[in-house]
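Coordinate analysis (summary)
Read off the chains here:
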Amino acid sequence: MPIDLNEHLKRKNQQTRRDDEPRNNNESPKNTGFRPPNIPHNLFSSKKFSTLIAVIVIIVIILLAKPFVVINSGEVGIKVTAGKYDNTPLQPGIHFFIPIIQDIIIVDTRVRTINFSRTEDMGVVSKNQGIFRNDAINVMDSRGLTVSIELTVQYRLNPQTAPQTIATYGLSWEQKIINPVVRDVVRSVVGRYPAEDLPTKRNEIATLISSDISKEMLKFPNSPVELSSVQLREIVLPQNIKEQIEKVQIARQESERVRYEVERSKQEAEKVAALAKGEADANRIKAKGVADAIVIEAKAKSEANKSIGQSLTDKLLQLRQIETQSKFNEALKENRDAQIFLTPGGAVPNIWVDSKSKQKSTAANGK
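Residues numbered from 1 in each chain as written. Predicted model: local features only at pLDDT ≥ 70, side-chain atom pairs only at ≥ 80, totals over all residues. Heavy atoms only, no water.

Turning next to the pairing of strand β9 (residues 146–157). Counting buried residues in β9 gives nine out of twelve residues, a clear majority hidden from the surface. Here strand β6 (residues 112–117) pairs with β9 via five bridges, running antiparallel. The residue of β9 that forms the bridge with Ile 114 is Val 153. With four bridges joining them, strand β8 (residues 137–140) and β9 adopt antiparallel strand pairing. Residue pairing in the sheet places Ile 137 in a bridge with Ile 149 of β9. Hairpin connection between β8 and β9: a loop of five residues separates the two successive antiparallel strands, and Gly 144 in this loop has a positive phi of roughly 90°. (Buried < 20%, exposed > 50% of the residue type's maximum accessible area, 1.4 Å probe, protein only. Helix = DSSP H or I, 4+ residues; strand = E, 2+ residues; numbered from the N terminus. Pairing = 2+ DSSP bridges.)

Below is the structure:
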């Protein structure tokens with residue numbers, strides 16, 4: 001059966017008017033005209049809009065409450081739930097928590113510095129950069145004189161035990177751990193020496209302070225602090241001690257100068273003595289060499305004479321005698337005035353001919 005379109009629209013329009021009639025039966029319905037089907041009469045009374053409003057409110061509350069934190073490198077987070085500290089530290093990254101019930105405390109675990117110094121010696125100190133300043137440490141030396149010690153301590157919070165450290169000492173933990181330990185150790189070490197010995201034993205004192213502070217830090221439970229370095233910067237002495245040390249240094253320098261001069265003179269004397277001894281030794285060696293040469297020569301001559309003596313025989317002597325007599329005869333032929341000298345006890349005569357002298361003498365007598 002075919003459907004009449006006009007009749008269908010008429011029935012639909014009547015149905016819409018009945019739906020829009022007021023709940024109060026006393027009110028007469030108003031003719032609002034034709035409305036598209038399935039369109040709410042009041043947009044602001046729809047469920048979707050209410051849900052959107054609720055979502056927006058929740059987002060605003062979340063942004064205002066900020067139930068998350070971002071932990072950077074060099075930091076750790078400590079989650080606190082209803083006042084109780086979680087023993088496991090939160091590593092760098094984003095972490096969520098429940099507002100009002102929970103909270104996250106961020107602590108710095110990078111290297112920090114405390115300068116124990118006089119106020120006039122320090123410039124601008126930035127706590128945001130982990131640099132703090134404490135007053136210089138006043139110490140009594142072994143004789144009761146006041147000495148001021150300035151040093152720098154570098155340290156860092158132990159990241160693994162940070163929750164226990166903050167729970168025990170609070171956020172001002174370094175003033176409760178580092179400051180008293182350093183002051184006690186410095187007083188204990190420096191108090192062993194008299195004030196005038198402190199400058200000369202500076203390295204020894206610095207080593208003792210550093211090692212003793214490290215030992216004291218290890219005594220704390222859970223190892224809350226990791227010590228990086230301890231640097232002894234300055235030892236400020238009383239004025240009278242400074243003057244006394246200056247006088248001692250001047251006297252010591254003068255003594256060193258005199259000792260140097262004495263040592264130098266001694267070395268010069270030793271040098272002269274060494275040269276003289278060397279020359280004497282050289283002359284002695286030279287004389288000994290000459291004497292040894294003479295002895296050797298004499299010994300050689302003795303041996304030669306001995307050999308010659310052993311070689312002389314009666315027949316050889318007779319031969320030498322005959323040869324000498326032959327020379328004598330030759331000399332008499334040339335000069336009748338020749339003088340002959342005979343060696344006593346010798347078999348061979350020694351002949352000396354002086355013919356010219358004799359001739360001169362004869363000529364002089366002739367005149």
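Under the defined criterion, the tally for this structure stands at 15 salt bridges. Across the pair Arg 257 and Glu 254 runs a salt bridge whose closest N-O atoms are separated by 2.6 Å. One end of the pair is Arg 257 and the other is Glu 254, both in helix α6 (residues 239–311) and three residues apart, which spans about a single turn. Relative accessible area serves as the criterion here: at 40%, Glu 254 is assigned to the partly exposed category. Among the ionic pairs, Glu 256 bridges to Arg 259, the shortest N-O distance being 2.9 Å. On the criterion of helical spacing, the pair formed by Glu 256 and Arg 259 is a turn pair, its members being three residues apart in helix α6. By relative accessible area, Arg 259 is classed as partly exposed at 46%. (Salt bridge = Lys/Arg side-chain N within 4 Å of Asp/Glu carboxyl O.)

Moving on to the environment of Val 230. With respect to the helices, strands and loops of the structure, Val 230 is situated in strand β10 (residues 225–236). The class of Val 230 is buried, set by a relative accessible area of 14%. C-alpha separation for the pair Val 230 and Thr 152, spaced 78 residues apart in sequence, amounts to 5.8 Å. When neighbours within four sequence positions are excluded, Val 230 is seen to be in contact with Leu 151, Thr 152, Val 153, Ile 209, Ser 210 and Ile 213. (Contact = heavy atoms within 4.5 Å.)

Glancing now at the packing of aromatic side chains. Counted by the stated rule, this structure contains three aromatic pairs. For the pair Phe 68 and Phe 96, a centre-to-centre distance of 5.9 Å together with 50° between the ring planes defines the contact as tilted. Here Phe 68 is found in strand β1 (residues 68–71), whereas its partner Phe 96 is found in strand β4 (residues 93–96), with 28 residues between them in sequence. Looking at Phe 68, the relative accessible area reads 27%, which means it is partly exposed. A relative accessible area of 55% places Phe 96 in the exposed class. Centroid distance Tyr 169 to Phe 220: 6.4 Å. Interplanar angle 70°. Geometry classified as edge-to-face. Highlighted residues: Tyr 169 in helix α3 (residues 162–169) and Phe 220 in the loop between α5 (202–218) and β10, separated in sequence by 51 residues. Here Tyr 169 matches Phe 220 in class, with each residue buried. (Phe/Tyr/Trp six-rings, centres within 6.5 Å; stacked < 30°, edge-to-face > 60°.)

Once that is clear, we can look at the packing of helix α4 (residues 173–190) against α5. One way to put it is that α4 packs onto α5 with a least axis distance of 9 Å and a crossing angle of 135°. Considering their axes alone, α4 and α5 lie oblique with respect to each other. Crossing geometry of α4 relative to α5 is assigned as right-handed. Residues Ile 177, Ile 178, Val 181, Val 182, Val 185, Val 186, Val 189 and Val 190 of α4 form the contact with α5, whose own contacting residues are Ile 205, Leu 208, Ile 209, Asp 212, Ile 213, Glu 216 and Met 217. Taken together, the residues that form the contact of α4 with α5 break down as 13 nonpolar, no polar and two charged. (Axes fitted to C-alpha atoms, helices over the stretch in contact; angles between N-to-C directions. Parallel < 35°, antiparallel > 145°, perpendicular 65-115°, else oblique. Left-handed = near helix turned anticlockwise from the far one by under 90°. Nonpolar A, V, L, I, M, F, W, Y, C, P; charged D, E, K, R; others polar.)

We now examine a nonpolar patch on the surface. Together, Phe 49, Leu 52, Ile 53, Ile 56, Val 57, Val 60, Ile 61 and Leu 64 make up an exposed nonpolar region whose accessible area comes to about 720 Å². Turning to its location among the elements, Ile 56 is positioned in helix α2 (residues 47–65). The class of Ile 56 is partly exposed, set by a relative accessible area of 42%. (Patch = residues over 30% accessible without salt bridge, like charges linked within 9 Å, V, L, I, M, F, W, Y side chains within 5 Å. Areas by Shrake-Rupley, 256 points an atom, 1.4 Å probe, with all protein chains shown as cover.)

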